[in-house]
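Now for the letters of each chain:
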Amino acid sequence: MNRKERFRLFLEYFTTNFPEPETELHYSNPYELLVAVILSAQCTDKRINMVTPALFERYPDPEALAASNAEEVFTYIRSISYPNNKSKHLVGMARLLIDKFGSEIPASIAELQELPGVGRKTANVIASVIFNQPAMAVDTHVFRVSRRLGLVPSTATTPLAVEKGLMRHIPTALVPKAHHWLILHGRYICLARTPKCNVCPLTSFCLYFEKMKK
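The rules we used
- For every chain, the first residue of the written sequence is number 1, and numbering continues from 1 onward in sequence order.
- For this predicted model, a pLDDT threshold of at least 70 governs which residues receive local features, and a threshold of 80 or more governs which side-chain atom pairs are given and counted, while totals over whole chains, interfaces and linings are taken from all residues.
- Just so you know, side-chain values use all the structure's heavy atoms and leave hydrogens and water out.
- What counts as an axis is a line fitted to C-alpha atoms, over the stretch in contact for a helix, and the angles between N-to-C directions run from 0 to 180 degrees.
- Helix and strand definitions follow DSSP, with helices as H or I runs of at least four residues and strands as E runs of at least two, each counted in order from the N terminus.
- To sort the angles, those under 35 degrees are grouped as roughly parallel, those over 145 as roughly antiparallel, those from 65 to 115 as roughly perpendicular, and the leftovers as oblique.
- Contacts between residues were defined by any pair of non-hydrogen atoms, one from each residue, lying within 4.5 Å.
- By the convention adopted, Pro, Cys, Tyr, Trp, Phe, Met, Ile, Leu, Val and Ala count as nonpolar, Lys, Arg, Asp and Glu as charged, and the other residues, Gly among them, as polar.
- Whether a residue is buried, partly exposed or exposed follows from its accessible area with a 1.4 Å probe, protein chains only, as a fraction of its type maximum: under 20%, in between, or over 50%, in that order.
- Each Phe, Tyr or Trp ring, with Trp reduced to its six-membered ring, pairs with another whose centre is within 6.5 Å; inter-plane angles below 30 degrees give stacked pairs, above 60 give edge-to-face pairs, and intermediate values give tilted ones.
- Two conditions define a charge sitting above a ring: the NZ of Lys or the CZ of Arg must be within 6 Å of the ring centre, and it must be within 35 degrees of the ring normal.

Asks: Just checking my understanding: could you explain the packing of helix α1 (residues 3-17) against helix α11 (residues 175-188) for this structure?
Replies: Packed helix pairs are characterised by how far apart their axes lie and by the angle those axes make with each other. Interaxial distance between α1 and α11 falls to 11 Å at its minimum, and their mutual angle equals 90 degrees. On the basis of the axis angle, α1 is roughly perpendicular to α11. Across from Phe10, Leu11, Phe14 and Thr15 in α1, the residues of α11 making contact are Ala178, Trp181, Leu182 and His185. Tallied by class, the residues present in the contact of α1 with α11 amount to six nonpolar, two polar and no charged.

This is the structure we're talking about:
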């Protein structure tokens, strides 16, 4: 089976069965999503959703966050991964957001990446979820699932290579949804250590499953 056919089957399954996927991070505005995504690096959405209610109550907007300091922010996020760095990033992000962007979340991926704590993956998430742009954020789930399904070649060994491989074959309008499909499939079915192949609906065209049977 060639790659084009794998993509066709992948898109066909998810557009039929999960037509409106959404991020599992809890947020009520673009600022809150930006904060949540920065915090979610190398941490679970479930854990982030446990700490953000109190964090958002204390810092409801960029101005409140910018007026604080890393030491205080740390007390709200100490239970997540890398709280020291992330608390510094959040305060720095809020200050630059006010100074350079008038407290408005920029839509440009390049401008988003100017903010502390915002790399290409985070910028792509914001561009995709908030602005519905055809941006493919590649986290560990997207990276793993894309390679296992054979949507990208084995030579795609970096997040950027996987991103380019996916963008080459996914229709522009479906890119924001495909990002969530890949994440959720990796989170609940195609697990890193013990993938649930016995309940996976994609085994008919999965390269990983095909190799495991041999």
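Here the narrative resumes, following the displayed structure.
Asks: Looking at this model, I keep getting lost on unusual backbone geometry. Mind explaining?
Replies: It is generally the case that most residues other than glycine have a negative phi and that most peptide bonds are trans. Phi at Gln42 is positive, roughly 55 degrees, even though this residue is not glycine. By secondary structure assignment, the location of Gln42 is in the loop between α2 (30-39) and α3 (45-58). Positive phi, normally seen in glycine, also occurs at Tyr82, with a value near 50 degrees. Turning to its location among the elements, Tyr82 is positioned in the loop between α5 (70-77) and α6 (83-101). Residue classification places Tyr82 among the partly exposed positions, given a relative accessible area of 48%.

Asks: Before we go on, may I ask you to explain the packing of aromatic side chains in this structure?
Replies: Note on aromatic pairs: each is described by the distance of the centres and the angle between the planes. Tallied over the full model, the rule gives seven aromatic pairs. Aromatic side chains Phe10 and Trp181 sit 6.3 Å apart centroid to centroid with 80 degrees between the ring planes, which places their arrangement in the edge-to-face category. With a gap of 171 residues between them, Phe10 in helix α1 and Trp181 in helix α11 connect regions that are remote in the sequence. Assigned by exposure class, Phe10 and Trp181 land together as buried. Feature note: the residues Phe10, Tyr13, Phe14, Phe18 and Trp181 constitute an aromatic cluster, connected by ring pairs. Sitting over the face of the ring of Tyr208, Arg148 holds its NZ or CZ atom 4.6 Å from the ring centroid.

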